[in-house]
Amino acid sequence: MSAAAPSRTPMVSLQAVDKHFGALHVLQSVDLDVAAGEVVVVIGPSGSGKSTLCRTINRLESVDSGQVLVDGVPVPAEGAALARLRADVGMVFQSFDLFAHKTVLDNLCLAPVMVRGTPKAQARREAMELLERVGIADKAGHLPAQLSGGQQQRAAIARALAMRPKVMLFDEPTSALDPEMVAEVLAVMTSLADEGMTMVVVTHEMGFARRAADRVVFMDAGRIVEVAPPEQFFAGGGSERTRSFLSAVLTH
């Protein structure tokens, strides 16, 4: 099923993308366009291909066929061109992946200085602004281990934003968090959505999908089954497979 965004320039475009892990066909002829400034939330059962789809956008996973474009440019296979693309595509994982031996502030400053060539004083100033924005400026001098899981994930989001990305990818960013920490991370993500950041979010958080998504993409068995605005998607008028999934997740 095609999942093209309506008549806006795609910031991300997956075109007839196929991906296998051995005999497992994890992405099957996937077409998806994400417009600049659009928030697309990808949901579906475990093993449906959601995370793999997300990871193909910055080539953490290669594709077997088809192509992936970011801002109209095919994602390079390797080398300096791929590194440049990854600088434009921020990614936040379920595991926070902060450098354990560096302070939160240093975690944010490292890539802008090393990759973008940002002067150190400017990088520190901008990093502090981002930490303020995600509500943990008081933790700038702490090591990641001194932060709660929710604070670490907010630091990871700020670190991705420090590169001034064109697109933000979130791969189940709250799944490793205690329930009380989920809300603080989703609040940061919702504010990014409100500010017009282009976002692809793989999540089980249906409340976030309802509030923040422009479109919800439902995947099953490596295929896109349904794409709809959240109010239409959650109204339950879609495919039988979608209704069965929603009845399971919304009653637990």
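All values derive from a computational prediction rather than experimental measurement.

Criteria and cut-off values
Residues numbered from 1 in each chain as written. Predicted model: local features only at pLDDT ≥ 70, side-chain atom pairs only at ≥ 80, totals over all residues. Heavy atoms only, no water. Helix = DSSP H or I, 4+ residues; strand = E, 2+ residues; numbered from the N terminus. Rg over C-alpha atoms; globule rule 2.2 N^0.38 Å. Areas by Shrake-Rupley, 256 points an atom, 1.4 Å probe, with all protein chains shown as cover. Lys, Arg positive; Asp, Glu negative; His and termini not counted. Charge placed at Lys NZ, Arg CZ, Asp CG, Glu CD. Phe/Tyr/Trp six-rings, centres within 6.5 Å; stacked < 30°, edge-to-face > 60°. Buried < 20%, exposed > 50% of the residue type's maximum accessible area, 1.4 Å probe, protein only. Lys NZ or Arg CZ within 6 Å of the ring centre and 35° of its normal. Pairing = 2+ DSSP bridges. Contact = heavy atoms within 4.5 Å. Core = buried A, V, L, I, M, F, W, Y, C linked by side-chain atoms within 4.5 Å. Axes fitted to C-alpha atoms, helices over the stretch in contact; angles between N-to-C directions.

A.B. asks: What is the right way to read the overall build of the protein chain from this model?
C.D. replies: In terms of regular secondary structure, the protein chain is built from 9 helices and 10 strands. Taking 252 residues into account, the globule formula puts the C-alpha radius of gyration at 18 Å, and the protein chain, at 18 Å, falls close to it. Per element, the accessible surface of the protein chain, about 11200 Å² overall, is 52% carbon and sulfur. Across the protein chain, 24 positive and 28 negative side-chain charges occur, with their mean positions spaced 5 Å apart.

A.B. asks: Even after reading the chapter, I still don't get the packing of aromatic side chains, so can you show me in this structure?
C.D. replies: The description of two aromatic rings rests on the distance between their centres and on the angle between their planes. Per the counting criterion, the structure on display carries 3 aromatic pairs. Their ring planes at 40 degrees and their centres at 5.0 Å tell us that Phe218 and Phe245 sit as a pair that is tilted. Of this pair, Phe218 sits in strand E9 (residues 215-220) while Phe245 sits in helix H9 (residues 240-249), and the two are 27 residues apart along the sequence. As far as the burial class goes, Phe218 and Phe245 line up, both buried. Taking the centre distance of 5.2 Å and the plane angle of 80 degrees together, the rings of Phe233 and Phe234 count as edge-to-face. Sitting above the plane of the Phe234 ring, Arg210 keeps its charged end 4.5 Å from the centroid.

A.B. asks: Honestly, unusual backbone geometry in this entry has me stumped. Any pointers?
C.D. replies: Most peptide bonds are trans, and most residues other than glycine sit at a negative phi. Even without a glycine there, the phi angle at Ser29 is positive, about 50 degrees. Tracing the backbone through its elements, the reader meets Ser29 in strand E2 (residues 24-35). Residue classification places Ser29 among the partly exposed positions, given a relative accessible area of 40%. One non-glycine residue, Arg164, lies in positive phi territory at about 50 degrees. What makes Arg164 exposed here is its relative accessible area of 59%.

A.B. asks: Teacher, can you tell me more about the sheet that holds strand E5 (residues 73-74) here?
C.D. replies: Strand-to-strand pairing in sheets goes through backbone hydrogen bonds, with the strands running parallel or antiparallel. In spatial order, the strands read E2-E1-E4-E5; together these 4 strands make up an open sheet with antiparallel pairing. Strands with a single pairing partner mark the edges of an open sheet, and in this sheet they are E2 and E5. By the bridge criterion, 5 bridges tie strand E1 (residues 10-21) to strand E4 (residues 65-70) in an arrangement that is antiparallel. Each residue of the ladder has a partner; that of Ser13, found in E4, is Leu69.

A.B. asks: Explain helix H2 (residues 79-88) here, please?
C.D. replies: Because the α-helix completes a turn every 3.6 residues, residues three or four places apart line up on one side. For H2, the complete set of buried residues consists of Leu82, Leu85 and Ala87. Elements in contact with the buried residues of H2: E4, strand E6 (89-92) and helix H3 (104-116).

A.B. asks: What is the right way to look at the nonpolar core in this model?
C.D. replies: Soluble globular proteins tend to pack their nonpolar side chains together in the buried interior. Counting residues in each nonpolar core, the largest one holds 51 residues, and the members touching the most others are Ile157, Met168, Phe170, Met189 and Met199. If one sorts the elements of this core by residue count, helix H6 (residues 179-194) sits on top with 8 residues. Counting 28 residues, the second-largest nonpolar core is a separate cluster that includes Val12, Leu85, Val202 and Met219.

A.B. asks: I'm lost on the sheet that holds strand E10 (residues 223-228) in this one. Help?
C.D. replies: Reading across from one edge, E6-E7-E8-E3-E9-E10 is the order of the 6 strands in this open sheet, with mixed pairing throughout. Each of the sheet's edge strands pairs with one partner strand only, and the pair in question is E6 and E10. When strand polarity is set aside, the average angle formed by the axes of neighbouring strands in this sheet is 20 degrees. Looking at chain direction, strand E3 (residues 39-43) and strand E8 (residues 198-202) are connected through 4 bridges and run parallel.

A.B. asks: Would you mind going over the pairing of strand E7 (residues 167-171) with me for this structure?
C.D. replies: Regular strands place their side chains on alternate faces of the sheet. Of all 5 residues making up E7, 5 are buried, and the element is well covered by its neighbours. Because side chains alternate across E7, one face comprises the buried residues Val167, Leu169 and Asp171, and the other comprises Met168 and Phe170, equally buried. Inspection of the sheet shows E6 paired to E7 by 4 bridges, in the parallel sense. Bridge pairing links Val92 to Phe170 in E7. As judged from the 5 bridges shared by E7 and E8, these two strands associate in the parallel manner. Counterpart to Val167 in the pairing with E8 is Thr198.

Remember that the coordinates give geometry; whether it matters functionally is a separate question.
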